[in-house]
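# Coordinate inspection notes
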Amino acid sequence: LPWFKRFLDFLARYKYNTIFLEIGASMQFDSHPEINEKWESFCREMLVYPGGPDGNHWGDNGMQMLTGNIKNSVHIENGGGSCITKAEMSGIAGWCRERHIEIIPEVQGLAHAYWMLLAHPECAERSDDPYPDTSCPSNPRTYEIYFDCLQEVVDVLRPRMVSLGHDEYAWIGFCDRCRGKTGHDIFADDILK
């Protein structure tokens, strides 16, 4: 955190006024502490996984190729591989406000949702994925958990807007609940929710 605050000072000095801050499970969730616990365990595991967390080239034996396609951006560096308290996150928000830097928190919910799905694989689009990254947008439980966590992020950071991410959404219409729906309908329904 001290380094990050110095970095924010650097940004302010050069007139940057907005940052995207990926949250994932790197902030303490009172409503779902199991998400933080599983995140920390996952980060420790990925640091020693054969092939490493970032070995995402074709033919790699690492977790990124476990399901036959490249999975990237597990972002185990978030929160230093752990989670920071709400008080610390609130401190970051205050530090940014004092320097006229707007935080746009990124809370990924459809793709890159390792942070949530590791603790809640029942919400994953693929039940056979040992490291699920895509949530099922047809499962109501997905949104119960996501909105609980999103509300905590909003309560702490008080942002004007939030980024949903939604990039690299690969497993579309794969599960029984989503099969038969069009990709654009699934995607639009998720954003509308």
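For the structure given in this document, a descriptive report is provided here.

Thresholds, definitions, all that
- Residues numbered from 1 in each chain as written.
- Predicted model: local features only at pLDDT ≥ 70, side-chain atom pairs only at ≥ 80, totals over all residues.
- Heavy atoms only, no water.
- Phe/Tyr/Trp six-rings, centres within 6.5 Å; stacked < 30°, edge-to-face > 60°.
- Helix = DSSP H or I, 4+ residues; strand = E, 2+ residues; numbered from the N terminus.
- Buried < 20%, exposed > 50% of the residue type's maximum accessible area, 1.4 Å probe, protein only.
- Lys NZ or Arg CZ within 6 Å of the ring centre and 35° of its normal.
- Pairing = 2+ DSSP bridges.
- Lys, Arg positive; Asp, Glu negative; His and termini not counted.
- Salt bridge = Lys/Arg side-chain N within 4 Å of Asp/Glu carboxyl O.
- Contact = heavy atoms within 4.5 Å.
- 1 Å grid on protein atoms, 1.4 Å probe; cavity = no way out; pocket = protein on both sides within 12 Å on 5 of 7 lines; lining within 4 Å.
- Points joined across faces, edges and corners; volume = space filled by probe spheres on them.
- Nonpolar A, V, L, I, M, F, W, Y, C, P; charged D, E, K, R; others polar.

## Concerning the packing of aromatic side chains
All chains considered together, the criterion is met by 12 aromatic pairs. Judged by centre distance (5.8 Å) and plane angle (40°), the rings of W39 and F42 are tilted. Taken as a pair, W39 and F42 lie in helix 2 (residues 33–48) at a separation of three residues, close to a single helical turn. The class of F42 is buried, set by a relative accessible area of 3%. Measuring from ring centre to ring centre gives 6.0 Å for F42 and Y114, while their planes differ by 15°; the resulting arrangement is stacked. Here F42 is found in helix 2, whereas its partner Y114 is found in helix 4 (residues 114–117), with 72 residues between them in sequence. Given the relative accessible area of 1%, Y114 is considered buried. Connected via pairs of aromatic rings, a cluster forms that spans F29, W115, Y143, Y146 and F147. Taking the ring centre of W95 as reference, the NZ or CZ of R99 above it sits at 3.7 Å. The ring of W171 has R126 sitting right over it, with the charged end atom 4.1 Å from the ring centre.

## Some thoughts on the pairing of strand 2 (residues 102–106)
Residues in a regular strand project their side chains so that they alternate between the two faces of the sheet. Across the five residues of strand 2, four count as buried, placing the element largely inside the fold. In this structure, strand 1 (residues 18–22) lies alongside strand 2, joined through five bridges in parallel fashion. If you follow F20 over to strand 2, its bridge partner there is I104.

## Brief notes about the side chain of D190
Position of D190 among the secondary structure elements: in helix 6 (residues 183–192). Despite its burial, D190 pairs with no opposite charge, the nearest such side chain being K193 at 6.5 Å. What D190 contacts, discounting residues up to four positions off in sequence, is L110, P137, Y143 and H166.

## Re empty space enclosed by the protein
By rolling a water-sized probe across the atoms, one finds the places where empty space is left. With the rule as written, the count across this model stands at one cavity of 30 Å³ or more. By volume, the largest cavity amounts to about 60 Å³. Across the lining of the largest cavity, the residue classes break down as five nonpolar, five polar and one charged.

Everything listed is a geometric property; what it means functionally is a separate question.
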